[in-house]
Amino acid sequence: MIYLDNSATTALDDAVLDEMLPWLRSEYGNASSIYAMGRKARVAVERARSEIAALMNAHPAEITFTSGGTESNNSILTSACRESGLVDRVVVGSIEHHAVLAPAEELARQGFGHAVLPVDAQGRYRPDQAGQYDDPRTLISVMHANNETGVIQAIEQLRAAAPSAVLHTDAVQTFGKIPVDAQQLGIDFATISAHKIHGPKGIGAMFIRKGIDYKAHQVGGGQERNRRAGTEPVALIVGFAAAARRSVDRMEQRAAHMRELIDHARHSIAATIANVRVNTPEQFSLPNILNVSFPDAAQLDGESILQLMDIRGVAVSNGSACVSGSLQPSHVLSAMGLSAAESRAAVRLSVSHATTRAEIETAVETLATILHDLRGTV
Ligand SMILES: Cc1ncc(COP(=O)(O)O)c(C=O)c1O
């Protein structure tokens, strides 16, 4: 199996697993208990928190562990409106992940203000449009990079255009792959997750800028300094820090390798497949994602392309795990102006540092054969 769906999730790194194992086997103490086993777990949790904070130029007190990106996004948006009462309105980008769009829609149903920022044809938010929402009682939620196309947003410019708004960025696709510097980006909140960077599933974090009076969305035992209740999953937290450290330490060499593979895929798809639209621009994009679609998609079945790739041993997706398995057109590609048929027939290749050039070559050949067969042309 050639696995090219690393933006959906990644393989757990063996070295990360090794760091986690003691905390799953013998060191099972509760990090909130006062006896030695608990104190040892507490030290591991706080060490992990400090490491992750340093990797994104934050203070350890600004990092709160959660179960992942989905929970972080839900908690940040909901708490900002409800528990913390920081804002009356949420403005979300049109190409955000459903873990941002859905809580924003739910908040709108509850009576909070709601607006959507459009993107241009390349899938980028425009600072002047964000500037229209520059208001201290408004939360603007714009992702750092998109999970379907890999397009990177100009967060610093968006911040400059809306200096007084409360700013959240979903950095799930960028943390560990390109620099995420909380100070430089000028954000108030950020979302990160471990399983996109060869860490374990079920662990992520919220960055909450110092000085913000954040009140927990998830309440209970008062863990995480009263910001997110629940017994600390020590092994997952240790694994998250290990994965983050390894990703950031190796960022440049991994990015160069992945960029080379994506460039190779970009050029060989253009050379071997007729009538293809590339949805990932060369500039402003992550090193690991290439999204393509087919303008004659009305005659093709997008789902069939993915299934035929799978039958031939290549795991790819159309970009959003939430909608795969259904025939929903991608809301990201639709927002960029693609037709419904074209937005349905998209293929996203997402590589990791472990992907090889031979795997990319086989995947592109397989895609070319499938399209050739589906189109019935020579
Ligand atoms: C941009 C983005 N945000 C949020 C999430 C959800 O993260 P998690 O799977 O950790 O809940 C994902 C993962 O699919 C994502 O790509």
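Throughout what follows, the structure given in this document is the object of discussion.

Criteria and thresholds
Here, residues in each chain are numbered from 1, in the same order as that chain's written sequence. Restriction of local features to residues with pLDDT of at least 70 applies here, the model being predicted, together with a cutoff of 80 or more for giving and counting side-chain atom pairs; totals for whole chains, interfaces and linings are based on all residues. By convention in this description, side-chain values take in all heavy atoms of the structure and omit both hydrogens and water. Here a strand pair is declared whenever DSSP counts at least two bridges between the two strands. In DSSP terms, a helix is any run of H or I states spanning at least four residues, a strand is any run of E spanning at least two, and both are numbered starting from the N terminus. When checking whether two residues touch, look at their non-hydrogen atoms; a contact exists if any pair is within 4.5 Å. An axis is simply a line fitted to the C-alpha atoms; with a helix, the fit covers only the stretch in contact. Between two such axes, the angle follows the N-to-C directions and lies from 0 to 180 degrees. Note on classification: 1.4 Å probe, protein chains only; a residue is buried when its accessible area is under 20% of the maximum for its type, exposed when over 50%, partly exposed between these limits. Nitrogen and oxygen atoms within 3.5 Å of one another constitute a polar contact, given that in protein one can donate a hydrogen and the other can accept it, and given that sequence-neighbouring residues count only through two side-chain atoms. Angles below 35 degrees are treated as roughly parallel, those above 145 as roughly antiparallel, those between 65 and 115 as roughly perpendicular, and all remaining angles as oblique. Each helix crossing is assigned a hand: it is left-handed if the near helix lies turned anticlockwise from the far helix by less than a right angle, otherwise right-handed if that turn is clockwise. Classes in brief: Ala, Val, Leu, Ile, Met, Phe, Trp, Tyr, Cys and Pro nonpolar; Asp, Glu, Lys and Arg charged; the others, Gly included, polar. Among the buried residues, those of types Ala, Val, Leu, Ile, Met, Phe, Trp, Tyr and Cys that are joined through side-chain atoms within 4.5 Å form a nonpolar core. Domain start and end points were adopted from an automatic or database domain assignment.

**Description of the sheet that holds strand β9 (residues 277-278)**
Next, step 1: Taken in spatial order, the three strands make up an open sheet running β9-β10-β12, and their pairing is antiparallel. Both edges of this open sheet fall to β9 and β12 (346-350), since each of them pairs with a single strand only.
Next, step 2: Sheet topology places strand β10 (residues 289-293) next to β12; five bridges connect them, and they run antiparallel. By the bridge assignment, S293 is partnered in β12 with A346.
Next, step 3: Packing of helix α10 (residues 251-272) onto the sheet brings it into contact with β9, β10 and β12, and relative to β10 it is tilted by some 20°.

**Some points on the side chain of S352**
Next, step 1: Note that S352 resides in the loop between β12 and α14 (357-375).
Next, step 2: Judged by relative accessible area, which is 7%, S352 ranks as buried.
Next, step 3: From its side chain, S352 meets the backbone nitrogen of A354 in a polar contact 2.9 Å long.
Next, step 4: For S352, the residues in contact, after removing those within four places along its chain, are N6, H198, H257, M258 and L261.

**Describing the packing of helix α1 (residues 14-24) against helix α9 (residues 234-249)**
Next, step 1: It is at 8 Å that the axes of α1 and α9 come closest, and there the two elements cross at 160°. Between α1 and α9, the angle falls in the class roughly antiparallel. The crossing of α1 and α9 is right-handed. Of the residues in α9, those touching α1 at A15, V16, E19, M20, W23 and L24 are V234, A235, L236, V238, G239, A242, A243, R245 and R246.

**A few points about the packing of helix α3 (residues 69-81) against helix α4 (residues 98-109)**
Next, step 1: Across the interface, α3 lies against α4 with an axial gap of 9 Å and an inter-helix angle of 25°. Regarding the angle of α3 to α4, the classification is roughly parallel. Crossing handedness for the pair α3 and α4: right-handed. Contact residues: α3 offers T70, N73, N74, L77, T78 and C81, while α4 offers A99, V100, P103, A104 and L107.
Next, step 2: Its residues placed into classes, the contact of α3 with α4 shows seven nonpolar, four polar and no charged.

**Quick word on the nonpolar core**
Next, step 1: Judged by nonpolar contacts, the single largest core of 57 residues is most densely connected at I52, M56, F65, I140, F175 and F240.
Next, step 2: Broken down by element, the residue count for this core peaks at nine residues, all from α9.
Next, step 3: When residues of this core are assigned to domains, at least three map to each of domain 1 (14-249) and domain 2 (251-375).

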